[in-house]
Amino acid sequence: MNEWLAVAAGGAMGCLCRYLVQQMPLLGPDRTWPTLAVNLAGCLLIGIIATLIDSHGGWRMMRLMLVTGFLGGFTTFSTFALDAVSLARAGELLRCIGYVTVSVAGGLTAFVIGQFTAEKLL
C-alpha cells in the first residue's frame, strides 16, 4: 500500500507541474511547445534521477515516487501522439515531422545527457 501512495503522490505532483508548464506564457498558445518542453525535461530528469537512484540501490520507494509517479505524471506521450496527429490532420505535415523528430531525437539525447551527468556526479 505504501508503494501505491508513493506513486500516487509523485504522479499528482507531476501532473500539477505539467499543468503549470502548460500555463507558461513564454511557451505561447500553441500546445505542442509545452508538450515538447515537458517531454524533453522529463527525459533529462529521468536520466539523472534513475541513474542516481539505481546506483545507490535500495531506494525503491524514492524511485517509485520520482520515476514512476512524478515523471510518469509529468511527461505525456499520449499528448505527444495527439499533437502529432492533429498537426498531420491539419495539413501541417512538415511541422508534424519536425515535432516528431525533435521530440524523439531530443528526448533520447536529453536522457543520455542526464544519465551522463548523473554518472559524472557519482
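Look a little higher up for the structure.
Residues numbered from 1 in each chain as written. Predicted model: local features only at pLDDT ≥ 70, side-chain atom pairs only at ≥ 80, totals over all residues. Heavy atoms only, no water.

Caption draft 1: Up close: the nonpolar core. One finds Val21, Val38, Ile49, Ala50, Ile53, Val67, Phe70, Leu71 and Phe74 forming the largest nonpolar core, which totals nine residues. Where this core is concerned, the elements lending two or more residues are helix H2 (32–56) and helix H3 (60–74). Apart from the residues within four sequence positions on either side, Val21 is in contact with Leu27, Pro34, Ala37, Val38 and Phe74. With six residues, the next largest nonpolar core counts Leu36, Phe80, Cys96 and Tyr99 among its residues. (Core = buried A, V, L, I, M, F, W, Y, C linked by side-chain atoms within 4.5 Å. Buried < 20%, exposed > 50% of the residue type's maximum accessible area, 1.4 Å probe, protein only. Helix = DSSP H or I, 4+ residues; strand = E, 2+ residues; numbered from the N terminus. Contact = heavy atoms within 4.5 Å.)

Caption draft 2: Just the packing of aromatic side chains, in detail. The full count for this structure, using the stated rule, is three aromatic pairs. With a centroid separation of 5.5 Å and 40° between ring planes, the pair formed by Phe80 and Tyr99 is classed as tilted. In this pair, Phe80 sits in helix H4 (residues 77–89) while Tyr99 sits in helix H5 (residues 93–121), placing the two residues 19 residues apart along the sequence. As far as burial versus exposure is concerned, Phe80 and Tyr99 are alike and both buried. Members of the aromatic cluster, each reached through a chain of ring pairs, are Phe77, Phe80 and Tyr99. (Phe/Tyr/Trp six-rings, centres within 6.5 Å; stacked < 30°, edge-to-face > 60°.)

Caption draft 3: Layout of helix H1 (residues 2–22). With 21 residues, H1 ought to run about 30 Å at 1.5 Å a step, and its terminal C-alpha atoms sit 30 Å apart, in line with that. Those residues of H1 that fall on the buried side of the exposure criterion are Ala6, Gly10, Gly11, Gly14, Arg18 and Val21. Angular distribution of buried residues about the axis of H1 spans 120°; they occupy a single face of the element. Every exposed residue of H1 that faces more than 90 degrees away from the buried side is listed here: Asn2, Trp4 and Leu5. Buried-residue contacts for H1 involve H2 and H3. (Expected span 1.5 Å × (residues − 1). Arc of directions from axis to C-beta.)

Caption draft 4: Just the side chain of Thr35, in detail. Its place among the elements puts Thr35 in helix H2. Apart from residues lying up to four places away in sequence, Thr35 is in contact with Thr76, Thr79, Phe80, Asp83 and Tyr99.

Caption draft 5: A look at the environment of Ala50. Within the secondary structure, Ala50 sits in helix H2. On the accessibility criterion, Ala50 (10% relative accessible area) is buried. Separated by 18 residues in the primary sequence, Ala50 and Thr68 have C-alpha atoms spaced 10.0 Å apart. The contacts of Ala50, once residues within four sequence positions are left out, are Leu45, Arg63 and Val67.

Caption draft 6: Representation of the packing of H2 against H4 in the model. Here H2 crosses H4 at 145°, and the two axes come no closer than 10 Å. For the crossing formed where H2 meets H4, the hand is left-handed. Across the interface between the two elements, Thr32, Thr35 and Asn39 from H2 touch Phe77, Thr79, Phe80, Asp83 and Leu87 from H4. For the contact of H2 with H4, the residue count by class is three nonpolar, four polar and one charged. (Axes fitted to C-alpha atoms, helices over the stretch in contact; angles between N-to-C directions. Left-handed = near helix turned anticlockwise from the far one by under 90°. Nonpolar A, V, L, I, M, F, W, Y, C, P; charged D, E, K, R; others polar.)

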